Amino acid sequence: MTTAQPEGAACDGCITLPLSRQRLAIYLINMVGAEDRLAAMAAKLTAAGLPFTRIEGVDGRKLDFPLAEFNEIAYRLLHGRRTTPPEVGCYLSHIACARAFLAADADLALILEDDVSFQPDFLDTLDRAAAHRELWNLLRLTSVNRGRKYRVRDLGQGRRLAVALTREKGAGAYVVDRRAAQWFTDKLLPMRLAFDIAFDLEYLDGLRAAFVDPLPASQRSDHPTQIQAGLRAYKLGRWRYLTVLPYRAWLELARLGCRGWRLARGRMSSRPQRRVPGGGTGQQA
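Residues numbered from 1 in each chain as written. Predicted model: local features only at pLDDT ≥ 70, side-chain atom pairs only at ≥ 80, totals over all residues. Heavy atoms only, no water.

### So, the overall build of the protein chain
(1) Moving on: Of the regular secondary structure elements, the protein chain holds 7 helices and 14 strands.
(2) Moving on: When contacts within the protein chain are restricted to residue pairs at least 6 apart in sequence, long-range pairs at least 24 apart make up 76% of them.
(3) Moving on: Accessible area of the protein chain: about 13600 Å², with a carbon and sulfur share of 54%. (Helix = DSSP H or I, 4+ residues; strand = E, 2+ residues; numbered from the N terminus. Contact = heavy atoms within 4.5 Å. Areas by Shrake-Rupley, 256 points an atom, 1.4 Å probe, with all protein chains shown as cover.)

### Thoughts on the environment of Leu45
(1) Moving on: Mapped onto the secondary structure, Leu45 falls in helix α1 (residues 35-48).
(2) Moving on: Taking the C-alpha atoms as reference, Leu45 lies 9.0 Å from Ser117; in sequence the two are 72 residues apart.
(3) Moving on: The residues contacting Leu45, other than those within four sequence positions of it, are Leu28, Leu50, Phe52, Leu112 and Phe118.

### Focus: the packing of helix α3 (residues 85-103) against helix α5 (residues 178-187)
(1) Moving on: With their axes 9 Å apart at the nearest point, α3 and α5 run at an angle of 130° to one another. By the criterion of interaxial angle, the relationship of α3 to α5 is oblique. In this structure, α3 crosses over α5, and the sense of that crossing is left-handed. Between α3 and α5, the residues in contact are His94, Ile95, Ala98, Arg99, Phe101 and Leu102 and Arg178, Ala181, Gln182, Phe184 and Thr185, respectively.
(2) Moving on: The class makeup of the residues in the contact of α3 with α5 is 6 nonpolar, 3 polar and 2 charged. (Axes fitted to C-alpha atoms, helices over the stretch in contact; angles between N-to-C directions. Parallel < 35°, antiparallel > 145°, perpendicular 65-115°, else oblique. Left-handed = near helix turned anticlockwise from the far one by under 90°. Nonpolar A, V, L, I, M, F, W, Y, C, P; charged D, E, K, R; others polar.)

### With respect to the state of the cysteines
(1) Moving on: Considering all chains together, one arrives at 0 disulfides under this definition.
(2) Moving on: Here Cys90 is not cross-linked by a disulfide; its sulfur's nearest cysteine counterpart is in Cys97, at 9.9 Å.
(3) Moving on: Look at Cys90 and you get buried, because its relative accessible area is 17%. (Disulfide = S-S within 2.5 Å. Buried < 20%, exposed > 50% of the residue type's maximum accessible area, 1.4 Å probe, protein only.)

### Topic: the packing of aromatic side chains
(1) Moving on: Under the definition given, this model contains 11 aromatic pairs.
(2) Moving on: Ring centres of Trp183 and Phe184 lie 5.7 Å apart, and the angle between their planes is 55°; on these two criteria the pair is classed as tilted. Across the pair, exposure class does not vary: Trp183 and Phe184 are buried alike.
(3) Moving on: Here a set of aromatic residues connected by ring pairs shows up, and it is made of Tyr91, Tyr174, Trp183, Phe184, Phe195 and Phe199.
(4) Moving on: Over the face of the ring belonging to Phe211 we find Lys149, whose NZ or CZ atom lies 5.0 Å from the ring centre.
(5) Moving on: Its guanidinium or amino end placed over the ring of Phe101, Arg178 lies 5.0 Å from that ring's centre, counting from NZ or CZ. (Phe/Tyr/Trp six-rings, centres within 6.5 Å; stacked < 30°, edge-to-face > 60°. Lys NZ or Arg CZ within 6 Å of the ring centre and 35° of its normal.)

Okay, here's the thing in structure tokens:
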């Protein structure tokens, strides 16, 4: 069972994971005025043994557009929507977490939205996944989709590291290393897509993403959504499919090729070795 201890002031809220020895910072996105969400999450995080730093969520409705960090033309052409302030605020909130992490001296950051619930083995599972850092820069812990996940490495206790070959939305809980956080701030700006679509495109820049399967956390919540309500009103007319569909088709083909290759390599590297005549080793068939 993982028991993590808080570290010093160099990284407020950091813990050291006992198995992997990785220093983990925990950031919770929470909007001004959402005290009920903050109280609920504080109780869950305390129960899970996770001290956290609150990151004030960006209220997109209070932003002045045009905005340097938002590419409206690309957003329309690639995402098929008019400027959607709640999505812009959500996106910039996740970027703020990445920047806070890069300013700290932790190895990894757990980034959370304030409507997440945890399985009892959440922290222990995260630690075991962190012991396989060579397999991921971005570790997904929640999803709102149910696509198949393909095993790469067993983590024990019924969980595994896995790769998704189709799009998986939802950014309620995930872990990034410093390379992925730098990718957020360098390559994911200006915003062109919703955040949970954009950060699912790590393969285009040579990064590695993995899921923990089954998922150790959930985005199901009793709290009403702060982003999804009313999004239909921002969708453009049917002409949007002329640009959105070819772009998404290209993304899916690229995802299948890049992640499929990673999956094959990961499975080959995890195959057990057996002794062969002459004293050498060979892969178990």
